[in-house]
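# Chains, contacts and geometry: an overview
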Amino acid sequence: MLTKKNHTAFIKVTAKSLGFDYCGIAKAQRLEEDAIRLENWLNKGFHGSMEYMNNYFDLRIDPTKLVPGAKSVITLLLNYYPAQQQNPDAPQISKYAFGTDYHEVIKSKLKIFLQLLKDNIGEINGRGFTDSAPVLERSWAQKSGLGWVGKNGNLITKENGSFFFIATLITDLELDADNPFAKDYCGTCTKCINNCPTDAILPDKVIDGSKCISYFTIELKDMLIPAEMKGKFENKLFGCDICQDVCPWNRFSKPNNDIGFTPLNEILNFSKNDWEELTEESFKIIFKNSPLKRAKFEGIKRNLKILD
Ligand code: B12
Ligand code: SF4
Ligand code: SF4
């Protein structure tokens, strides 16, 4: 019979074999301190019009409510730092969106992961998530020892910086937990705060989501970008990487080797004129599997106007 130690080792090896760059484990339990931070964030309206952030508060702070019987939270990181970059003069797309939508790439990996656990360990209950469920993914990554939450709000690894997606697999399997990441290596640096064009980075690692360029260009649905933001977007068409690009820890980023994240030629090569001339029909074909779908054709056209 396999022991808790064997199961833990099997999970770490499986994560690696599926291409995840990091894997850490934490005991599934209510996140007391995060509950306070999340409540303050919501009370201050930092979620803007992202109403989904107001939903399922109890599940978001407690994985045992999201997955009944949960004993462990397995957190996985997947590198998305691209090998190729855009022309710096072209409208900028966030690096996470160069290739296939990460929800799809990660979802299929998590499905295989769960199946491998069932095949090798037995009937376990587990669910895999990335981004789309009420899970405080950055906190779980810190709690499972993978890195610290920087002043820019991102989870940063000491070895390879912050250009990672986070996924979690919550299971009723009892596992050996890793130690939480104890240190914070931001020190006296304030580069992200100084360079955020919309002043969305507040003290104590709090991000005012309602002021973030990523929010305006991706999440703001059927609404105009407020006029006072004009001139502040630094050529960002979809998402924003400024607070990560300026972070000294991202000197250690290495290009990802996931075929799914191979950049689309159009993303690398489109000029402003190409974006302006893009028709809805072509948008639907070219960006069929891309994260840009989330902003929709109308959103991209609206974003282009604020860059004028
Ligand atoms: C809503 C959301 C947004 C909103 C709001 C951003 C925000 N900071 O909350 C908007 C649209 C603005 C956004 C933007 C981006 N996002 Co986003 N977003 C999310 C989402 C869906 C929920 C985040 C959330 O719960 N916010 C509420 C606040 C209160 O929580 P939080 O920021 O996670 O902070 C918590 C912890 O950091 C913790 N904390 C703070 N200080 C400390 C200190 C210690 C010691 C500890 C333990 C914890 C801790 O406190 C908070 C509450 O627990 C997550 C996916 C998920 N389910 O988690 C992705 C996610 C956070 N986003 C991600 C990414 C990549 C981005 C962008 C880089 C995309 C881009 N290039 O445009 C930007 C970065 C902006 C930034 N500086 O944060 C990644 C982050 C990966 C990473 N390495 O950190 C995630 C995890 C998606 C994923 N699955 O990979 N995002
Ligand atoms: S992603 Fe851009 S706008 Fe948002 S907090 Fe970072 S630097 Fe500011
Ligand atoms: S730029 Fe500096 S302060 Fe901001 S997250 Fe990186 S190390 Fe921390």
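Our subject is the structure that appears above.
Report on the accompanying structure. (Residues numbered from 1 in each chain as written. Chains lettered and ligands numbered in written order. Predicted model: local features only at pLDDT ≥ 70, side-chain atom pairs only at ≥ 80, totals over all residues. Heavy atoms only, no water.)

Let's shift gears to the site of ligand 2. Around ligand 2 sit Cys196, Thr198, Ile201, Cys212, Ile213, Cys240, Ile242 and Cys243, and that is every residue in its neighbourhood. In terms of residue class, the shell around ligand 2 is made up of seven nonpolar, one polar and no charged. (Near = heavy atom within 4 Å. Nonpolar A, V, L, I, M, F, W, Y, C, P; charged D, E, K, R; others polar.)

Burial within strand β2 (residues 72-79) is extensive, with eight of its eight residues counted as buried. Side-chain alternation along β2 places Ser72, Ile74, Leu76 and Leu78 on one buried face and Val73, Thr75, Leu77 and Asn79 on a second face that is also buried. Note that strand β1 (residues 22-27) and β2 share six bridges and pair antiparallel. Paired with alanine 26 across the strands is valine 73, a residue of β2. As defined by bridge partners, β2 adjoins strand β7 (residues 164-171) across eight bridges and the pair is classed as antiparallel. Within the sheet, the bridge partner assigned to valine 73 lies in β7 and is isoleucine 170. (Buried < 20%, exposed > 50% of the residue type's maximum accessible area, 1.4 Å probe, protein only. Helix = DSSP H or I, 4+ residues; strand = E, 2+ residues; numbered from the N terminus. Pairing = 2+ DSSP bridges.)

Attention now goes to the site of ligand 3. Around ligand 3 sit Lys151, Asn152, Ile156, Cys186, Cys189, Lys191, Cys192, Cys247, Pro248 and Trp249, and that is every residue in its neighbourhood. The residue inventory of the shell around ligand 3, partitioned by class, reads seven nonpolar, one polar and two charged.

A few words on the sheet that holds β2. Strand pairing in a sheet takes place through backbone hydrogen bonds and is either antiparallel or parallel in direction. Taking strand neighbours across the sheet as the criterion, the four strands line up as β1-β2-β7-β4 in an open arrangement whose pairing is antiparallel. The two strands at the open ends of the sheet, each matched to only one other strand, are β1 and β4 (126-129). Along the sheet, successive strands turn relative to each other by an average axial angle of 20°, direction set aside. The pairing of β4 with β7 spans four bridges and is antiparallel. (Axes fitted to C-alpha atoms, helices over the stretch in contact; angles between N-to-C directions.)

Turning our attention to the layout of surface pockets. Volume-wise, the second largest pocket comes out at about 190 Å³. Together, 14 residues line the second largest pocket, and Gly19, Asp21, Asn79, Asn256 and Asn257 are the ones closest to its centre. When its residues are assigned to classes, the lining of the second largest pocket shows five nonpolar, five polar and four charged. (1 Å grid on protein atoms, 1.4 Å probe; cavity = no way out; pocket = protein on both sides within 12 Å on 5 of 7 lines; lining within 4 Å. Points joined across faces, edges and corners; volume = space filled by probe spheres on them.)

Its identity is not glycine, yet aspartate 204 carries a phi of approximately 60°, on the positive side. Its relative accessible area of 72% is what places aspartate 204 among the exposed residues. A positive phi angle, near 65°, is found at lysine 205, a position not held by glycine. Within the secondary structure layout, lysine 205 lies in the loop between β8 (201-202) and β9 (206-207). Among the residues examined, lysine 205 registers a relative accessible area of 32% and is labelled partly exposed.

This next bit is on the packing of aromatic side chains. Aromatic rings in a pair are described by how distant their centres are and how their planes are angled relative to each other. Throughout the structure, instances matching the rule amount to 21 aromatic pairs. A centroid spacing of 5.3 Å and a plane angle of 45° characterise the contact between phenylalanine 283 and phenylalanine 287, whose relative ring orientation is tilted. Here the aromatic residues Tyr80, Tyr81, Tyr96, Tyr102, Phe163, Phe165, Phe238 and Phe261 are joined through ring pairs into a cluster of three or more. (Phe/Tyr/Trp six-rings, centres within 6.5 Å; stacked < 30°, edge-to-face > 60°.)

Let us look at the pattern of salt bridges. Side chains that carry opposite charge are capable of pairing whenever their charged atoms lie near each other. Counting across every chain of the model gives 13 salt bridges. Of the charged contacts in the structure, one is a salt bridge between arginine 30 and glutamate 32, with a shortest N-O distance of 2.5 Å. Residue classification places arginine 30 among the partly exposed positions, given a relative accessible area of 36%. Residues lysine 95 and aspartate 245 are paired through a salt bridge, measuring 2.9 Å at the closest nitrogen-oxygen approach. On the criterion of sequence distance, the pair formed by lysine 95 in the loop between β3 (92-93) and α5 (102-121) and aspartate 245 in helix α9 (residues 242-245) is long-range, its members being 150 residues apart. What makes lysine 95 buried here is its relative accessible area of 10%. (Salt bridge = Lys/Arg side-chain N within 4 Å of Asp/Glu carboxyl O.)

Let's shift gears to the nonpolar core. For soluble globular proteins, the rule of thumb is that nonpolar side chains tend to be buried together. Counting 76 residues, the largest nonpolar core has Trp275 and Leu292 as the members making the most contacts within it. Aside from chain neighbours lying at most four places away, what touches leucine 292 is Ile93, Ala97, Phe238, Ile267, Trp275, Phe283, Phe287 and Ile300. In this structure, Tyr22, Leu77, Ala141 and Phe164 belong to the second largest nonpolar core, which totals seven residues. (Core = buried A, V, L, I, M, F, W, Y, C linked by side-chain atoms within 4.5 Å. Contact = heavy atoms within 4.5 Å.)

Here helix α2 (residues 32-43) contains 12 residues, and its C-alpha end-to-end distance of 17 Å stays within 8% of the 16 Å for a straight helix at 1.5 Å per residue. Three or more residues of α2 are buried, namely Asp34, Ala35, Leu38, Trp41 and Leu42. One side of α2 holds all its buried residues, which, seen down the axis, span an arc of 130°. For α2, exposure combined with an orientation more than 90 degrees from the buried face picks out Glu33, Ile36 and Asn43. The inward-facing, buried residues of α2 abut α3 (57-60), α6 (137-143) and β9. Backbone geometry just downstream of α2 places glycine 45 in the positive-phi region, at approximately 75°. (Expected span 1.5 Å × (residues − 1). Arc of directions from axis to C-beta.)

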